[in-house]
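Residue-level listing of the chains:
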Amino acid sequence: MIEFQAVTKRYDDGTVAVDHLDLTIEDGKITVFVGPSGCGKTTSLRMINRMIDATSGAILLDGKDIRAQHPADLRRGIGYVIQNAGLFPHRTVLDNVATVPMLLGARKAAARGRAAELLATVGLPAELGKRYPAQLSGGQQQRVGVARALAADPPVLLMDEPFSAVDPVVRDDLQDELLRLQSELGKTIVFVTHDIDEAIKLGDQVAVLRVGGRLAQYDTPAALLAK
Ligand code: ADP
Ligand code: ADP
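Please read these numbers as outputs of a predicted model, since none were measured by experiment. (Residues numbered from 1 in each chain as written. Chains lettered and ligands numbered in written order. Predicted model: local features only at pLDDT ≥ 70, side-chain atom pairs only at ≥ 80, totals over all residues. Heavy atoms only, no water.)

## Structural notes on the overall build of the protein chain
Applicable threshold: A helix here means a DSSP run of H or I that spans at least four residues, while a strand means a run of E at least two residues long, and both kinds are numbered starting from the N terminus. For the radius of gyration, the atom set is restricted to C-alpha positions; the globular benchmark scales as 2.2 Å times the number of residues to the power 0.38. Note on exposure labels: buried denotes an accessible area under 20% of the residue type's maximum, exposed denotes more than 50%, and partly exposed covers the range between, all computed with a 1.4 Å probe on protein chains only. Should any heavy atoms of two residues lie within 4.5 Å, those residues are counted as being in contact. Areas reported as accessible are Shrake-Rupley estimates using a 1.4 Å probe. Residue values count occlusion only from the protein chains shown. In summary, the charge assignment counts Lys and Arg as positive and Asp and Glu as negative, without counting His or the chain termini. Note on charges: their place is set at NZ of Lys, CZ of Arg, CG of Asp or CD of Glu.
Along its length, the protein chain carries eight helices and ten strands. For the protein chain, the C-alpha radius of gyration of 18 Å lies close to 17 Å, the compact-globule estimate for 227 residues. Along the first, second and third principal axes, the C-alpha atoms of the protein chain reach 45 × 40 × 35 Å. Going through the 227 residues of the protein chain one by one, you find that 46% of them count as buried. Residue pairs in contact within the protein chain that sit at least 24 positions apart in sequence constitute 68% of those at least 6 positions apart. Per element, the accessible surface of the protein chain, about 10700 Å² overall, is 52% carbon and sulfur. Each charge class in the protein chain can be summarised by its mean position, and for the 26 positive and 28 negative side chains these summaries are 6 Å apart.

Structure follows, in structure tokens:
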């Protein structure tokens, strides 16, 4: 469980990106932050893994203030996926994923075995493992990004507009895959998008933010649609 308690982020230039955000993100569910550009979605997400620290308020992970942990330790339990996958261009697809278990102490052969399993988990054919990221389509690169984020088996996965850069048909596929993956793996997923349809499709819970960083609504998609 991730609890935002009156979380405010004011940047150095005075911009209030997130304003007294109070909400609870439940385990094993997909919680979506949705709203127009500049409403504080990315800021909210990055406060969870401490890429950004809140100005005031607190974020608790499983009841503990995230500031009590070293950021590197915190991040071991939190995968992170961004829009353009952020893959290492000079490593093969397989090694992009295998790097994570190697950093965690696995030997090369074991790490590559684990990476191959993860590529299968996200629906990529094994032969693509030998390619470099630039030799994959955008949709395939996003799958690799998800595989890499899963490599440390983190209970929490943060996803920042992961499917925005791919065309609508591929996006639809990736959304379906994410729902399948979620039903198998039961991760706690926090997903940012500006697309309300995507939020409704993916979210167990949807947090609607408005510019200025205030929470407008926080409910299930069914309840939001009924309003
Ligand atoms: P979103 O993800 O919803 O588009 P962001 O969290 O990126 O919103 O940004 C929220 C607000 O904070 C915007 O007004 C943005 O311009 C501002 N902002 C983001 N990063 C910084 C920064 N480093 N310094 C100053 N203002 C920032
Ligand atoms: P998608 O619909 O998944 O986005 P694309 O239409 O971009 O796929 O690519 C179709 C096929 O061509 C994919 O199997 C992909 O692996 C392959 N492909 C795309 N770019 C390259 C490349 N630069 N080199 C080799 N194969 C590529």
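## Section: the side chain of Thr-8
Checked against the element boundaries, Thr-8 lands in strand S1 (residues 2–10). Among the residues examined, Thr-8 registers a relative accessible area of 7% and is labelled buried.

## A few points about the sheet that holds strand S2 (residues 16–25)
In a beta sheet, neighbouring strands are held together by backbone hydrogen bonds and run either parallel or antiparallel to one another. For the record, the criterion: Pairing between two strands requires that DSSP report at least two bridges joining them.
As summarised here, the arrangement of the four strands in space is S2-S1-S4-S5, forming an open sheet in which the pairing is antiparallel. In this open sheet, the two edge strands, each paired with only one partner strand, are S2 and strand S5 (64–65). As paired elements, S1 and strand S4 (residues 56–61) share five bridges and run antiparallel to each other. From the neighbouring strand, Ile-2 faces S4, where its bridge partner is Leu-61.

## Side note on helix H5 (residues 138–150)
For clarity, the threshold we go by: Residue count minus one, scaled by 1.5 Å, sets the expected span of a helix.
Counted at 1.5 Å a residue, the expected span for H5 with its 13 residues is 18 Å, and the 19 Å between its end C-alpha atoms agrees. By the criterion of burial, H5 is predominantly enclosed, with eleven of the 13 residues buried. Looking only at H5, the buried set comprises Gly-139, Gln-141, Gln-142, Arg-143, Val-144, Gly-145, Val-146, Ala-147, Arg-148, Ala-149 and Leu-150. Buried residues in H5 make contact with strand S6 (78–81), helix H3 (93–103), helix H4 (108–121), strand S7 (156–160) and helix H6 (168–185).

## Quick look at the site of ligand 1
To keep things clear, this is the line we draw: Here a residue counts as near a molecule or strand whenever at least one of its heavy atoms sits within 4 Å of it. N or O atoms within 3.5 Å of each other form a polar contact, as long as, within protein, one can give a hydrogen and the other can take it, and as long as residues adjacent in sequence are counted only when both atoms are side-chain atoms. Any residue outside Ala, Val, Leu, Ile, Met, Phe, Trp, Tyr, Cys, Pro, Asp, Glu, Lys and Arg is labelled polar, Gly included; the first ten of those are nonpolar and the last four are charged.
Every residue near ligand 1 is listed here: Tyr-11, Asp-13, Thr-15, Ala-17, Pro-36, Ser-37, Gly-38, Cys-39, Gly-40, Lys-41, Thr-42 and Thr-43. The contact in question runs from an oxygen atom of ligand 1 to an N or O atom on the backbone of Gly-38, over 2.7 Å. Gly-40 places a main-chain nitrogen or oxygen 3.0 Å from an oxygen atom of ligand 1. With the chains in place, 61% of the 560 Å² that ligand 1 exposes on its own is no longer accessible. Here the shell around ligand 1 takes three residues from helix H1 (residues 41–48), the largest share from any one element. Its residues assigned to classes, the shell around ligand 1 shows four nonpolar, six polar and two charged.

## Some words on the pairing of S1
In summary, the side chains of a regular strand alternate between the two faces of the sheet. Bridge analysis of S1 against S2 gives six bridges, and the strand direction is antiparallel. Considered in S2, the bridge of Phe-4 is made with Leu-23. Hairpin geometry of S1 and S2 is characterised by an intervening segment of five residues between the two adjacent antiparallel strands and by a positive phi of about 100° at Gly-14.

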